[in-house]
Amino acid sequence: MTIPSGPAADTMASGTTPTLDGGTRVTMTPHQRVALLVLLTAGFTLAVDFSILNVALPAIGADVGFALENLQWIATAFSLCAAGLTLLSGRVADVLGRRRVFFSGMILLGAASLAGGLATGPALLLVARVGQGIATAMVVPSALALLLAAFDEGPLREKALGLNGALMAAGFTTGAVLGGLLTDLLSWRWAFFLNVPVALAVLAIGPAVLRESRPAERRKLDVPGAITVTLGLSALVFGLSQAAEEGWAAPSTLLPLAAALVLLASFVLVERRAAAPLVPLQTVRRRAIAWGNLAGLIAFATETSLVFLLTLYLQRVLGYSALGAGLSFAVLGLGTVLGGLVGPRVIGRVGTRWAMAGGFLVQAAATAALVLLRPDPLSIVLLLVATFVGGVANLVVIVGFTVTATSGLPAEEQGLATGLATMSQQIGITLGIPVMSAIFTARLSVDGPTGPEPILASLSTAVAVNAVLCLMMGVLLAVVLRRPAAAEPDAR
């Protein structure tokens with residue numbers, strides 16, 4: 001049981017509007033619209049932060065004294081904290097209050113971003129990126145939990161989740177474009193400074209429209225579980241990051257992955273014996289939660305890794321600049337926004353099961369079409385069409401994943417559900433690129449990097465694997481995520 005409180009606690013109920021046939025249509029109240037705007041702004045900003053510095057890394061290294069081989073730490077420091085702490089932060093939000101954790105994260109985001117923009121040496125820049133990563137782990141699951149608290153289960157919540165998914169996915173693409181523009185026209189420092197006014201605006205408006213939810217009874221935090229899962233997820237993310245840089249057989253990859261396996265196995269054992277577990281295992285075993293999160297992980301892994309592969313195609317085969325390659329993904333960004341808008345309608349017609357399964361099948365077809373890419377400049381037309389269609393389908397899956405993974409749970413476990421969903425998203429983003437990079441590199445080492453043709457052949461192999469993953473996930477969801485038993489929440 002949770003107790004709503006705060007200035008907007010009694011103003012968040014949805015309104016109704018008469019329809020021409022004499023019925024009623026549920027509509028958002030003004031408070032819900034402003035609350036949604038605040039939460040979407042925060043989520044979009046943090047999604048942009050995942051990719052905004054990638055294009056600017058060489059310029060950052062030159063300005064603050066990073067050696068070329070250490071530039072990866074600018075991204076890795078962020079990812080380690082964002083993914084490693086997200087599950088813990090979601091559970092802490094359940095205990096201390098989602099709004100409190102959300103606003104604390106926004107304060108940290110503003111301070112860390114200001115420090116990053118002013119950094120003149122590697123140490124302060126890394127501290128700033130760690131701060132941004134911790135802020136992301138605090139804000140994203142708590143923002144999603146606040147969104148769920150603002151909307152009852154049904155069409156309005158699905159619409160809000162669709163908009164949230166669309167802007168989050170568009171943020172990853174926008175970050176690459178915006179990073180290039182800011183670096184070329186102003187300075188990479190503005191990639192940090194832009195977060196400061198956003199954080200201030202959210203902190204100024206949010207308290208008036210976001211309601212708090214706190215547990216009726218204060219629960220003890222599962223400290224052993226928190227330590228093992230945080231260290232385990234951090235080791236996993238670090239191992240995956242090293243795989244992208246050093247290869248899968250490198251000791252710097254194998255050792256942290258082995259440590260992650262041991263720590264996460266220990267976490268399961270700890271949770272079985274804990275009186276108040278961080279993650280109740282009966283919750284994770286629920287079919288909708290387990291398969292919904294797996295679908296989200298695959299959706300983010302396949303789409304973000306596809307962007308990586310197509311960036312190689314645009315730059316190494318067609319000869320595009322980094323900025324030109326980033327701008328080419330604007331069509332993908334439009335597709336993700338459209339997918340977020342139509343996703344709730346698709347779910348309303350066919351249910352989350354078939355929305356996710358169908359979305360993966362369409363994404364698989366669109367991705368498979370990219371195997372036909374050639375060195376011909378006209379192939380850009382095929383790339384734009386296929387990424388647009390795939391972007392729409394991918395967001396339908398993501399909306400379905402979010403609805404499935406956060407529905408049917410008691411209010412006091414919404415932070416847990418959103419923490420799991422956010423963790424799946426961030427692990428997917430981290431996992432996809434090193435896996436596809438390994439496939440690309442393995443094929444390239446066989447053919448030999450003698451020109452565009454071997455590179456294109458290697459890319460085609462990785463793209464084909466990407467399409468097969470989408471196809472397999474779509475078929476699995478259609479078969480496994482059938483209507484559950486009465487004891488489980490309806491996955492439709």
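Residues numbered from 1 in each chain as written. Predicted model: local features only at pLDDT ≥ 70, side-chain atom pairs only at ≥ 80, totals over all residues. Heavy atoms only, no water.

Enquirer: Talk me through the overall build of the protein; I want residue IDs and the actual numbers.
Expert: Looking only at helices and strands, one finds 18 helices and four strands in the protein. Residues counted as buried form 55% of the 492 residues belonging to the protein. Carbon and sulfur atoms make up 69% of the accessible area of the protein, which totals about 19,700 Å². (Helix = DSSP H or I, 4+ residues; strand = E, 2+ residues; numbered from the N terminus. Buried < 20%, exposed > 50% of the residue type's maximum accessible area, 1.4 Å probe, protein only. Areas by Shrake-Rupley, 256 points an atom, 1.4 Å probe, with all protein chains shown as cover.)

Enquirer: Describe the environment of Val139, with residues and values.
Expert: Of note, Val139 is situated in helix H6 (residues 122-150). Exposure remark for Val139: the relative accessible area of 1% places this residue in the buried category. Apart from residues no more than four positions distant in its own chain, Val139 is found in contact with Ala42, Leu46, Phe102, Gly105 and Met106. (Contact = heavy atoms within 4.5 Å.)

Enquirer: Describe helix H2 (residues 57-64), naming the residues involved and giving the relevant values.
Expert: Taken together, the buried positions of H2 are Leu57, Ile60, Gly61 and Val64. Take H2 and look down its axis: the buried residues cluster within an arc of 100°, on one side only. In H2, the exposed positions angled more than 90 degrees off the buried face are occupied by Pro58 and Ala62. Looking one or two residues beyond H2, the residue adopting positive phi is Gly65, at roughly 85°. (Arc of directions from axis to C-beta.)

Enquirer: Tell me what's going on with a positive patch on the surface, and back it up with residues and numbers.
Expert: A contiguous patch of positive charge on the surface is contributed by Arg33, Lys159, Arg345 and Arg349. The residue Arg345 is located in helix H15 (residues 330-369) in this model. (Patch = residues over 30% accessible without salt bridge, like charges linked within 9 Å, V, L, I, M, F, W, Y side chains within 5 Å. Salt bridge = Lys/Arg side-chain N within 4 Å of Asp/Glu carboxyl O. Lys, Arg positive; Asp, Glu negative; His and termini not counted. Charge placed at Lys NZ, Arg CZ, Asp CG, Glu CD.)

Enquirer: Describe the nonpolar core, naming the residues involved and giving the relevant values.
Expert: Counting residues in each nonpolar core, the largest one holds 77 residues, and the members touching the most others are Phe102, Met106, Phe151, Leu210 and Phe360. Setting aside residues no more than four positions away along its own chain, Phe360 makes contact with Ala295, Ile298, Ala299, Val397, Cys470, Met473, Gly474 and Leu477. Core analysis: the second largest hydrophobic core is formed by 23 residues, Leu332, Ala386, Met436 and Ala462 among them. (Core = buried A, V, L, I, M, F, W, Y, C linked by side-chain atoms within 4.5 Å.)

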